[in-house]
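Chain by chain, the residues run as shown.
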Amino acid sequence: MDYQFKQIEQKWQKFWAENQTFKADTNSTKPKYYVLDMFPYPSGAGLHVGHPLGYIASDIFSRYKRLKGFNVLHPMGYDSFGLPAEQYAIQTGQHPAITTEANIATYRRQLDQIGFSFDWSREVRTSEPGYYKWTQWIFMQLFNSWYNLETDKAEDISTLIEKFNAAGSADVKAVCDEDIKSFMPSDWAAFSDEEKQAELLKYRLTYLKESTVNWCPALGTVLANDEVKDGFSERGGHPVEQKKMMQWSMRISAYAERLLQGLNTIDWPEPVKEMQRNWIGKSVGASVKFPISLTPTLSEGEGAGSYGYETADPLLWEVLKTNARVNRSHQTEGEDALWQKLRNSQTGHKIRRQHPIGTYIADFICLNKRLIIEVDGGYHLENQENDKIRTEALNQLGFNVIRFSNEEVLNNINMVAEKITSELNNRPDSAPAKVGNSASLSLGEGRGEAYIEVFTTRVDTIFGVSFIVLAPEHELVQALTTDGQKADIENYIAQTKKKSELDRMADTKTVSGAFTGSYVINPVNDEFVPIWIADYVLAGYGTGAVMGVPSGDQRDWLFAKHFDLPIIQILDTQTDLDVEANATKEGKYINSDFIDNLGYKEATSYLNHWLEREGVGKAKVNYRMRDAIFGRQRYWGEPIPVYFKDGLPYLIKEEELPLLLPEIDKYLPTESGEPPLGRAADWSYEDQYEYELSTMPGWAGSSWYWYRYMDAQNNCDFASKEAIAYWKDVDLYIGGSEHATGHLLYSRFWNKFLKDLGYVNEEEPFKKLINQGMIQGISQKINISGSQGSTSGSNNYRINGLQFSFGDKTERLIISQDVKVSEIDKGSDIAKEFFKTSLHNVDIQYTNELTNELDIEKYIKWRPDYENAIFWCSGGCWQGGVFYPFENSNGEKRFFTKPEVEKMSKSKFNVVNPDVLIENYGADTLRMYEMFLGPLEQSKPWNTNGIEGVFKFLRKFWRLFHNEEWIFHVEDSIPAKAELKALHKIIKKVQDDVERFSFNTSVSSFMIAVNELTDLKCKNRQVLEDLVVVLSPYAPHICEELWSLLGNTNLSTTPYPKFNPAYLEEAEFAYPVSVNGKMKMNLNLSLSIEQDEAISTVLANEQVQGYLNGATPKKIVFVKGKIVNIVI
RNA sequence: GCUCGGAUGGUGGAACUGGUAGACACGCAGGACUUAAAAUCCUGUGCCCUCAACAGGCGUGCGGGUUCGAUUCCCGCUCCGAGUACCA
């Protein structure tokens, strides 16, 4: 019989199902191997040819491993909670469970007909109560845990309570909220239960927090960062806005470092690891506190005539600052000498030098004591007069002035210092409490001063700071804004808000910002630094404030240039600072006071210590990764097992799990805007407490599912201890790279957490990961523009002399690719509008794959709303069945689309369904063809060009076992040497290829082997039997059939044939002989001969002599078994 | 901008640690079988020169380098794809 794939495939699929051939042993002495596919979301569209690519690869690998003697776990299931089913429910009223069930049936049918060796007894569905019971259970464990930084792992909340009981909050080192309370054990004991719960919530690994979220009004839900693309929802493309909401969050940030370090221990594709590293975003630097130096909110009255705390006149700031800088670098000898006595609080008081006060610059000042110390040159009478005026002015500002002459200082420095010290000691503290409305400012510990904390990775550049920038949303902005700057700031904030609403992608090059009117003091040199706001600083990262160092950072440089702020060179290697910033770490520091002449490393470490000693900063590691929001205002997800009592969340009891998803009448938010669960009737805990109304996000169920497969039917645990101990982790995980920062990161997080609590044993869940490439589709595109009814009145315009008139009836215009703007009458606004539009896809079923011609009549039948539309393509326009060719076209009256390769997706109307191919060629052909397309990891557009070749190969293979009349026929002869050689070549090739996941190359090799054996007219049973085993992972159905025709059983666990290198050994080798590296000829030589003999044989050869043409070779290279190269 | 991939015939791709570039397949051309077509089989097929053969020249995105020898290693660029985006 000819190769009857349909019968064969049905027969064996039925056999496998009935015999549970691929059920993994729970009790096995064999080594385990766990092969996992990323389980699919069962969408209504069913599988397309892209989906099975990874499944086929993993199936080949699983079948291969079984032949190699492993106990293989290869399961499949469904990530069956999700948005599409819910959207469908909203539209049709059909319960998502019903839709999901139907979709799963389709998936199962499609998966079955490809012949996968899944152990279906372990199937999981995340939307089944038996499964999500355990998702909820894990949530409860997270709620009941906190992250102890001392042990560097998650612990039960009870250990935290013990610490509170024993020593209060003092020696707790935890990952927690920022607003935790400081308390003594006695305080803790005195707390009410509510207070305790409220405090504990700040430590729990899953917690409630008011956070700014990506709110999508159209979907009525919150989206994770990775679900938002360019301000629109990834699914559906609806606008997304920022909104503050009370949300459940997961403290994944506690695991940032472990998630980062773990990447070094796993065999994953570098790009995925890199993406996770970027996502975690570790930066090592320092946090620095810049004390705030102004009382901006001081009212007229309070501040009249004096600067309540300390400041320069803002208007004169720039002048003063420049002067101060100049003065400092041109200090008189006396000033310099005195500074050496006063600096670093040697007097017991903090003294600043060259400090702007009002409209003056004081030589030295102690702000606390309101004392100014001046050193006079004293040689001119005019100067003395000026000094007098100056003193009076400073007195008016509330400062006292003592003066010393240059001589006094130089001749008797100690006496001067003593005088100053005693003067300071005798003066009362002028309390910094005068910091006006400082209630809204957060107060620095112990110093009584407000400060702005910044994070920097270049603390070494701190002497180059010439401004501080806050995010416009920074909590201190209001308080810091002076009356004079209020309009500017408010204006700017309004502008920023508008900008984020519009297009955040927009220009990153335009410099913008506004000055608050306030200053901070740079702690390393006591200089005044103006505080600005700008939207390039993000509220969510670090402290929402940065120090601007224009000489070292291009963004800061642009900002400084734009607003005319100083650019201070800080390294001697920095050049061209008037052209651009120079971020070098080379060279020695200059203009940097106590780190002058140091190099980068020493300076950084010195500064870190200095800052810490001074109490104004310290070395710090910062992570970009934020805690993950864990809640959706949606119906079709896991209910969160929490109820509220007096506004505080409490877990339901463990034995009450699962908390079932209640029935509701409509899948929409309630009238009052609450999530759909708010509609559920009588849904409350113990009939009195409100349940949490949001459900878990899509990634909840997929963050631990690989453990459920280990023991899918277990009712007492998410998986038994024994199963977890045996299967440990996933040895091979195959899936798309689109999950790099979502699923793969969250899964690692939950895995580490479960390990901390002792439920699982491995630190990392997926040892080896492979990303299959995307199979792309070929879309057919046209341009669509003008929305329904958007054109009004009568418009006339021409296209290459063709006159068109559109009245009110014109609803839509469709323009194909390739029409140039110049071909349209430019006067028309409509024309301009058309070309603004984006490409739209037409369903590929209406186009001809080869010619790209669109069957426009059929297309319009499918989209009747386009009935009155005008279609344009490169050759002309089409409307109402008439084609108007352009004047300069070749007059061909056909409508062409523009083909484009992109992601295969239902929304792009370019999907190719595998069912058709299986119908025509069978599953074995599909399996082999998908592998034959190219390397697994590579993305490639789908085409069926080569599928015939693969099908022909299988027929040829089938034929090896049959005679001319298609009757099964093999011979029990002794295999010929050539036959064994062909066989062992493929035995080796396939095991090498499979181990390195190079499936495409082994398909080619199978073809070569079958071609060789066909040429040899091989009918040998022994050879063909082995060949069947080797091919069976790739084409299991045909192999099972032949295996049984050969009289055998249990193909799937037959040992893989043993490779014998002896069969490949050759006595001779046709050495390629090249002259100067260019291959000229082949020469047969025995493989046993060595260099000398080989060279003389080669030189004796007539043909070689011909190439030499009488010349004497300079050198002859001989590599045994490889090559002969003659150098002339 | 940054990070990571990639670029080989008409097409998909092969060449694993530097050693015969283009395996295998598609497509195309010619032939056999057939009344004809499909299917099947055979032959050829990187480009250039040549009627053809022999022989030769050029060839792995571009320009250099290392080497007896480079698709492979190094330096510098171009283009394409993916991810990320003011991350301090």
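What this report covers is the structure whose coordinates are included nearby.

Reading guide: rules and limits
Residues numbered from 1 in each chain as written. Chains lettered and ligands numbered in written order. Predicted model: local features only at pLDDT ≥ 70, side-chain atom pairs only at ≥ 80, totals over all residues. Heavy atoms only, no water. Helix = DSSP H or I, 4+ residues; strand = E, 2+ residues; numbered from the N terminus. Buried < 20%, exposed > 50% of the residue type's maximum accessible area, 1.4 Å probe, protein only. Contact = heavy atoms within 4.5 Å. Pairing = 2+ DSSP bridges. Axes fitted to C-alpha atoms, helices over the stretch in contact; angles between N-to-C directions. Patch = residues over 30% accessible without salt bridge, like charges linked within 9 Å, V, L, I, M, F, W, Y side chains within 5 Å. Areas by Shrake-Rupley, 256 points an atom, 1.4 Å probe, with all protein chains shown as cover. Salt bridge = Lys/Arg side-chain N within 4 Å of Asp/Glu carboxyl O. Lys, Arg positive; Asp, Glu negative; His and termini not counted. Charge placed at Lys NZ, Arg CZ, Asp CG, Glu CD. Near = heavy atom within 4 Å. Polar contact = N/O pair within 3.5 Å; in protein donor to acceptor, adjacent residues only side chain to side chain.

1. Quick word on the overall build of chain A
A tally of regular secondary structure across chain A gives 34 helices and 42 strands. The buried share among the 1128 residues of chain A stands at 52%. Counted over contacts in chain A with a minimum sequence separation of 6, partners at least 24 positions apart contribute 71%.

2. Section: the pairing of strand 3 (residues 145–148)
Taking every second residue as pointing to the same face, both faces of strand 3 are buried, with Ser145 and Tyr147 on one and Trp146 and Asn148 on the other. As paired elements, strand 3 and strand 4 (residues 153–156) share 4 bridges and run antiparallel to each other. By the bridge assignment for strand 4, Tyr147 is matched with Ala154. A loop of 4 residues connects strand 3 with strand 4, the two strands running antiparallel in sequence, and Asp152 in this loop sits at a positive phi of about 55°. Two elements, strand 3 and strand 5 (residues 174–175), share 2 bridges in a ladder whose sense is antiparallel. Counterpart to Tyr147 in the pairing with strand 5 is Val175.

3. Looking at the sheet that holds strand 11 (residues 282–291)
What the 3 strands build is an open sheet, ordered 16-11-21; its pairing is antiparallel. In the strand order of this sheet, the two ends are held by strand 16 (451–456) and strand 21 (617–623), each with one partner. With strand direction ignored, the average angle separating the axes of adjacent strands in the sheet is 35°. With 6 bridges joining them, strand 11 and strand 16 adopt antiparallel strand pairing. The residue of strand 16 that forms the bridge with Lys289 is Glu453.

4. Overview of a negative patch on the surface
A contiguous patch of negative charge, built from Asp193, Glu194, Glu195 and Asp646, is present on the exposed surface. Within the fold, Glu194 resides in helix 8 (residues 193–201). Classification of Glu194 as partly exposed rests on a relative accessible area of 34%.

5. Digging into the pattern of salt bridges
Within this structure, the stated rule accounts for 49 salt bridges. For Asp731, the salt bridge identified is with Lys767, shortest N-O distance 3.2 Å. Here Asp731 is found in the loop between helix 22 (721–727) and strand 27 (732–735), whereas its partner Lys767 is found in the loop between helix 23 (743–756) and strand 28 (769–771), with 36 residues between them in sequence. Given the relative accessible area of 39%, Lys767 is considered partly exposed. Asp993 serves as the salt-bridge partner of Lys989, at 3.5 Å between the closest nitrogen and oxygen. Of this pair, Lys989 and Asp993 are both found in helix 29 (residues 977–995), 4 residues apart, which corresponds to roughly one turn of the helix. A single salt-bridge network, built from bridges that share partners, covers Arg258, Arg748, Lys752, Lys755, Asp756, Glu763 and Glu764.

6. Here we look at the protein's contact with RNA strand B
In the vicinity of RNA strand B, 46 residues are found, and the nearest of them are Thr456, Thr457, Tyr541, Leu933 and Asn1125. Put simply, 60% of the atoms of RNA strand B that lie within 4 Å of the protein are in sugar or phosphate. Note that a sugar or linking oxygen of RNA strand B is positioned 2.7 Å from one of the side-chain N or O atoms of Arg555. At the level of elements, helix 10 (270–280), strand 16, helix 28 (947–960), helix 30 (999–1015), strand 40 (1078–1086), strand 41 (1115–1119) and strand 42 (1123–1127) are the ones that each hand at least two residues to the surface near RNA strand B. Looking at which element gives the most residues to the surface near RNA strand B, the answer is helix 30, with 6 residues.

7. Notes on the sheet that holds strand 24 (residues 648–651)
Taken in spatial order, the 4 strands make up an open sheet running 24-23-26-25, and their pairing is antiparallel. Both edges of this open sheet fall to strand 24 and strand 25 (684–685), since each of them pairs with a single strand only. Both strand 23 (residues 642–645) and strand 24 contribute to a ladder of 4 bridges, which runs antiparallel. Within strand 24, the position partnered with Lys645 by the bridge is Leu648.

8. Regarding a nonpolar patch on the surface
A cluster of nonpolar side chains, Val1117, Val1119 and Ile1123, forms an exposed patch at the surface whose accessible area comes to about 180 Å². Among the secondary structure elements, Val1119 is positioned in strand 41.

Everything listed is a geometric property; what it means functionally is a separate question.
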